[in-house]
Amino acid sequence: MDIILNEDQERAIAEICDWYHNRRDIQQVFHLHGYAGTGKTTTVKFALQNLGLGVERVAFCTYTMKAALVMRMVSAVPATTIHSLIYFCVPPDPDRIEEKLKELTELRNDRPADMDNKVWRAKMRQLERLLKTTSDLGWILKDQLGQRNDWGEEEADPSGGYGLIVVDECSMVDSEMAEDLLSFGVAVLVIGDPGQLPPIDDNDAPFSVKDPDAMLRQIHRQAEGSAIIRLATLARQGLPIAFDDYGDGVRKVRKANCSIAELMTVDQVICGKHKTRRAFNNIMKKHAGYPEPLPVGEEGEKIIVLRNNYYYSLFNGQFVTLQDITPGAVDEPVFYGRVRDSKDALTLALLEGGGVIGKGLTMQFYTGHYQDHVLFDKDRHYRDYRAKRQMIETEWGWAITAHKAQGSGWGHVAVIEDGWGYSRADRARWLYTAITRAAERLTIVGR
């Protein structure tokens, strides 16, 4: 079917082309914002055609790997993460960790007689900071955009031959990463949705501007018939969504009329509060036949990764199946296991072009997030901070929050309205974000 562009899209395409041809040397970033259903992806596609830029000259990227997967599958472009595009990953150095840990232990147990007390404490703080740094993955800025090898050629073109960088989900990019991205001197087109939830640190989102260069507000005619888009628009505008069947598998029901068995049939349950998430995870995993507090490593357990681990090719938001689960010592917050497979269409290794593929390797998994489902302890993660940095962080994933769901999408989504937010505006953005994670079917569970 031929695509007919609306006035918003045509204006945005013209402004993007004018910026790229005439102003990109003085304005490196062009901000394109638009609500769900306004055709941001289509607008960018036509703009690139008008500019004569093929996909080989455009670097498509997002902050999260999950969003890159969605971009690849929905937009059919070779998207990757910003990390992969501009940084090299530096794994932890076990020898250096052991060396500094030994030095810190000796210093704690025996303060040198000739060392002032303040100097002694300052030295220990310095060693603790070094341990924190060497215990986690580090990042080194590449010499050349998209560079795969560890060492670039001298005087290599930092642009890597790219004429444009397209950044989706731009609100998730912080100021330090934005500065590093811009250092390559390539023009950057950032895409965002002002209706979605802001990042956790709303003051550190340099690409989220109040006055974008182009704003798409008009729902594209291909999306006008979508019940999901209609409800998302109501949510964004802060208007009530009535309990009803809206057709095409989209409806809003009362909590009393939605059984756990029914929720088990959806692709993903999304809520607002962590208390709600833990409660639904407990009920749903028990209903699925997994009453144990920790994974047992069987097919069917829904496990989600909570933090990127580039060394093992695991990324935040990835769903995995574990096997060969072995408990750690009683006093250690760890269990051992292997990743049998990923429920996502592509693996991190395919996109990042490096790292050790996590599948089949025995790894240490942090137990704290699972234990919080049994008895929540607000100080647990503070106490385990250093230990868990060495481990893979996962937890039950039948229910996740809208913040965790950002950048992802599923065919059938159930949204649990649990009153998240401090204001009506907060709740509107939360509900809009949650609804727009659904691609085909949607069930809103109201109170």
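One structure accompanies this document, and this report is about it. Treat the numbers as computed from the prediction; the structure is a model and nothing was measured. Just so you know, the residues in each chain are numbered from 1, in the order the chain's sequence is written. Selection of residues for local features in this predicted model requires a pLDDT of at least 70, selection of side-chain atom pairs for listing and counting requires 80 or more, and totals for whole chains, interfaces and linings are taken over all residues. Water and hydrogen atoms play no part in the side-chain values, which are based on all heavy atoms of the structure.

Viewed as axis vectors pointing N to C, helix H1 (residues 7-23) and helix H2 (residues 40-51) meet at an angle of 45°, and their least axial separation amounts to 9 Å. Looking at the two axes, H1 sits oblique to H2. Between H1 and H2 lies a crossing whose hand is right-handed. Contacts from Gln-9, Ala-12, Ile-13, Ile-16, Cys-17, Tyr-20 and His-21 in H1 reach Thr-42, Thr-43, Phe-46, Ala-47, Asn-50 and Leu-51 in H2. The axes are straight lines fitted to the C-alpha atoms, using for helices just the contacting stretch, and the angles between their N-to-C directions are given from 0 to 180°. Each helix corresponds to a stretch of at least 4 residues labelled H or I by DSSP, and each strand to a stretch of at least 2 residues labelled E; elements are numbered beginning at the N terminus. Throughout this description, any angle smaller than 35 degrees is read as roughly parallel, any larger than 145 degrees as roughly antiparallel, any in the 65 to 115 degree range as roughly perpendicular, and the remainder as oblique. The crossing is said to be left-handed when, going from far helix to near helix, the turn is anticlockwise and less than a right angle, and right-handed when the turn is clockwise. Here, residues are in contact when the closest pair of their heavy atoms is within 4.5 Å.

For the rest of this paragraph, the subject is a positive patch on the surface. A contiguous patch of positive charge on the surface is contributed by Lys-255, Lys-273, Lys-275, Arg-424, Arg-427 and Arg-447. Mapped onto the secondary structure, Arg-427 falls in helix H17 (residues 424-435). The cut-offs for exposure are 20% and 50% of the maximum accessible area for each residue type, with area from a 1.4 Å probe on protein chains only; residues under the lower value are buried, those over the upper are exposed, and the others partly exposed. Exposure remark for Arg-427: the relative accessible area of 35% places this residue in the partly exposed category. Candidate patch residues must exceed 30% relative accessible area and have no salt bridge, after which like charges are joined if within 9 Å and Val, Leu, Ile, Met, Phe, Trp or Tyr side chains if within 5 Å. All accessibility values rest on the Shrake-Rupley procedure with a 1.4 Å probe; residue burial counts only the protein chains present in the view. A pairing counts as a salt bridge when a side-chain nitrogen of Lys or Arg comes within 4 Å of a carboxyl oxygen of Asp or Glu. The sign given to each residue is positive for Lys and Arg and negative for Asp and Glu; His and the chain ends receive no count. We put the charge of a Lys on NZ, of an Arg on CZ, of an Asp on CG and of a Glu on CD.

What follows covers the packing of helix H9 (residues 227-236) against H17. The contact between H9 and H17 brings their axes to 8 Å, and the two run at 165°. It follows that H9 is roughly antiparallel to H17 by the angle criterion. The handedness of the crossing between H9 and H17 is left-handed. Packed against H9, whose contacting residues are Ile-228, Leu-231, Ala-232, Ala-235 and Arg-236, the element H17 presents Ala-428, Leu-431, Tyr-432 and Ile-435 at the interface. Side-chain classes follow a simple rule in which Ala, Val, Leu, Ile, Met, Phe, Trp, Tyr, Cys and Pro form the nonpolar group, Asp, Glu, Lys and Arg form the charged group, and the remainder, Gly included, forms the polar group. Among the residues forming the contact of H9 with H17, the class breakdown is eight nonpolar, no polar and one charged.

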